[in-house]
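A closer look at the structure
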Amino acid sequence: MRPKFTTWKIEANGQDITRLYGKYVSNIEVSYKVNSIPTATLQIVSPSYLEDIFEVGMELKIFMGFDRNNVEMFTGKITALPSGNAESLIKLNIKLVDNAVKMAKTQKSRTFKIPKISTVVQQVAVENGYVPVVDVDNDTVNISDLPTQIGQTDLAFLNELAQNTNCLFWYYEEYIYFYDDYKAHSMGDVFRTPDIYNMDITPIYDLAYRTDFVKNNVASIDWKFKQAKG
């Protein structure tokens with residue numbers, strides 16, 4: 001089988017900047033983890049200052065794939081000025097955070113009226129501009145155990161609800177997925193099977209961030225493309 005080369009591209013405020021600045025990108029990390037906000041980090045190595053290019057609030061889209069068949073892996077905004085150091089070359093780290101960060105800003109206190117997990121998740125998701133996708137076996141809870149949010153952000157509340165119900169939740173585009181944990185995990189789409197005859201037992205996965213239901217990394221894996229070809 002022909003080898004597949006990892007590729008990527010970056011868009012800043014809707015414009016492809018890969019050709020212009022891609023040669024300075026030495027590392028890209030995208031982190032999709034369950035029960036948390038997606039994040040990403042760009043590492044820039046350059047002979048000149050580039051921090052004024054990447055402004056706070058700028059929206060960046062990161063695409064990753066193989067042989068330039070890239071898919072959108074992350075969309076987020078720069079949250080702070082790049083940090084780094086200057087020696088023979090200038091090294092900068094640019095931190096990005098998904099729009100879901102808005103769910104971690106405001107603390108609320110309330111008791112939900114309808115004793116169904118799906119209804120609770122739907123209310124929280126819709127209030128934050130997301131479409132809920134819920135798949136839980138034991139949807140109904142006892143009236144005495146109605147979910148209560150006390151001085152918590154919506155993110156913290158969903159995290160607690162997931163832990164108490166043996167569920168996982170994650171973000172993907174405009175959706176919040178809330179699933180029984182045993183339904184969420186999957187290894188991903190296999191490009192090839194392990195070659196046991198040549199002692200190669202590591203399969204290659206198609207970006208490996210799929211579940212059986214939706215593109216996402218629900219295995220708490222950090223994606224790192226180091227010195228990939230843009």
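Residues numbered from 1 in each chain as written. Predicted model: local features only at pLDDT ≥ 70, side-chain atom pairs only at ≥ 80, totals over all residues. Heavy atoms only, no water.

**Considering the packing of aromatic side chains**
Aromatic ring pairs are reported here in terms of the distance separating the ring centres and the angle at which the planes meet. Quick note on the threshold: When two rings of Phe, Tyr or Trp (its six-membered ring) have centres within 6.5 Å they constitute a pair, described as stacked for plane angles under 30 degrees, edge-to-face for angles over 60, and tilted for the intermediate range. Using a 1.4 Å probe on the protein chains alone, a residue whose accessible area is under 20% of its type maximum counts as buried, one over 50% counts as exposed, and one in between counts as partly exposed. Two thresholds decide whether a charge sits over a ring: the Lys NZ or Arg CZ must be within 6 Å of the ring centre and within 35 degrees of the ring normal.
Tallied over the entire structure, the rule returns nine aromatic pairs. Aromatic side chains F169 and F178 sit 6.5 Å apart centroid to centroid with 10° between the ring planes, which places their arrangement in the stacked category. F178 carries the same exposure label as F169, and that label is buried. A network of ring pairs unites the aromatic residues Y130, F169, Y171 and F178 as a single cluster. One Lys or Arg, K9, reaches over the ring of F63 and ends 4.7 Å from the middle of that ring.

**Examining helix α3 (residues 154-164)**
The line we're drawing: Working definition: helices are DSSP H or I runs of at least four residues, strands are E runs of at least two. Numbering for both runs from the N terminus. Here the arc refers to the directions that run from the helix axis out to each C-beta atom. Two residues qualify as a contact provided that any one of their heavy atoms is within 4.5 Å of a heavy atom in the partner residue.
The set of residues buried in α3 consists of D154, L155, F157, L158, L161 and A162. One side of α3 carries all its buried residues, which in axial view fall inside an arc of 160°. Opposite its buried face, α3 presents the exposed residues Q163 and N164, each directed more than 90 degrees away. Tucked into the core, α3 has its buried residues touching β9 (107-111), α2 (117-127), β11 (148-153), β12 (167-172) and β13 (175-180). Directly after α3, the chain includes N166, whose backbone phi takes a positive value near 55°.

**Let's talk about the nonpolar core**
Stated formally: We call a set of buried residues a nonpolar core when its members are Ala, Val, Leu, Ile, Met, Phe, Trp, Tyr or Cys and they connect through side-chain atoms within 4.5 Å of each other.
Core analysis: the biggest nonpolar cluster contains 24 residues, and I10, I28, V30, F54, L60, I62 and L96 have the highest contact counts within it. Elements represented by at least two residues in this core include exactly β1 (6-12), β3 (25-31), β4 (39-46), β5 (59-66), β6 (69-78) and β8 (90-97). Contact partners of I62, with chain neighbours within four places excluded, come to K9, I28, V30, A40, L42, V71, E72, M73, F74 and L96. In terms of nonpolar packing, the next biggest core, distinct from the first, is built from 23 residues, V97, V121, L161 and Y171 among them.

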